[in-house]
Amino acid sequence: QVQLVESGGGFVQPGGSLRLSCASSGPIFNIHNMGWYRQALGKQRELVASITSSGITDYAESMKGRLTISRDNDKNTVYLQMHRLKPEDTAVYYCDADVAELIASDSDSVEDKDVEVWGQGTLVTVSS
């Protein structure tokens, strides 16, 4: 079973910075798109940033210029560097990945299954 584990959340003052990490584990053949979502109390989950396997990025309009998403393909890990955080950024941040899960392999072929995996989330609280 492929799993994602987020880390790096916590309490930060307005204007501060945080770096979130999302580490994947399990029988992974390949990871396609990865992304960060957030869900504030009483609101719907929304996309914060995403990155493709080739490094193409996309950001939420409200946070452009304040964050950078990156990935380490060798480690199957995605990061989210956030700057100049605002109280309205307070939310649970979730990592998401489109994964080709390894089922079986040999010298001639690979069997995999495409699955979407979500982490448990990490809480980011921006307050003075």
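The numbers attached to residues start from 1 for each chain and follow its sequence in the written order. Where local features are concerned, this predicted model is filtered to residues with pLDDT of at least 70; where side-chain atom pairs are given and counted, the filter is 80 or more; whole-chain, interface and lining totals use all residues. Think of the side-chain values as coming from all heavy atoms in the structure, minus any hydrogens and water.

Student: Outline the overall build of the protein, supporting the account with residue identities and numerical values.
Tutor: In terms of regular secondary structure, the protein is built from zero helices and eleven strands. Runs of E in the DSSP output that reach at least two residues are strands. Runs of H or I that reach at least four are helices, and both are numbered from the N terminus. In sequence order, the protein lays out its α and β elements as β-β-β-β-β-β-β-β-β-β-β. Radius of gyration: C-alpha atoms only; globule rule: 2.2 Å multiplied by the number of residues to the exponent 0.38. Here the C-alpha radius of gyration of the protein, 16 Å, is about what a compact globule of 128 residues would show, namely 14 Å. Over its C-alpha atoms, taken along the principal directions, the protein stretches across nearly 55 × 25 × 20 Å. Expressed as a percentage of its 128 residues, the buried residues of the protein come to 37%. Two residues qualify as a contact provided that any one of their heavy atoms is within 4.5 Å of a heavy atom in the partner residue. Taking the intrachain contacts of the protein between residues at least 6 apart in sequence as the baseline, contacts between residues at least 24 apart amount to 57%. Between the averaged position of the 11 positive side-chain charges in the protein and that of its 17 negative side-chain charges there is a distance of 13 Å. Think of it in three bands: residues with accessible area under 20% of the maximum for their type are buried, residues over 50% are exposed, and the middle band is partly exposed, with areas taken using a 1.4 Å probe on protein chains only. Charge assignment in this entry is limited to Lys and Arg as positive and Asp and Glu as negative, and neither His nor the chain termini are counted. Think of each charge as sitting on NZ of Lys, CZ of Arg, CG of Asp or CD of Glu.

Student: Tell me what's going on with the nonpolar core, and back it up with residues and numbers.
Tutor: In plain words, nonpolar cores are sets of buried Ala, Val, Leu, Ile, Met, Phe, Trp, Tyr and Cys residues tied together by side-chain atoms within 4.5 Å. Core analysis: the biggest nonpolar cluster contains 29 residues, and Trp36, Leu80, Met82 and Tyr93 have the highest contact counts within it. Mapped by element, the contributors of at least two residues to this core are β3 (18–25), β4 (28–39), β5 (46–51), β7 (67–72), β8 (77–82), β9 (91–105) and β11 (122–126). Here this core gets five residues from one element, more than from any other, and that element is β9. Residues within four places of leucine 80 in sequence aside, it is in contact with Leu18, Arg19, Leu20, Trp36, Val48, Ala49, Leu67, Thr68, Ile69 and Tyr93.

Student: Tell me about unusual backbone geometry, and please be specific about residues and values.
Tutor: In the Ramachandran plot, asparagine 76 falls in the positive-phi region, its phi being about 55° despite a non-glycine side chain. Take asparagine 76: it is sitting in the loop between β7 and β8. Not every positive phi belongs to a glycine, and arginine 84 is a case in point at roughly 45°. Considering the arrangement of structural elements, one finds arginine 84 in the loop between β8 and β9.

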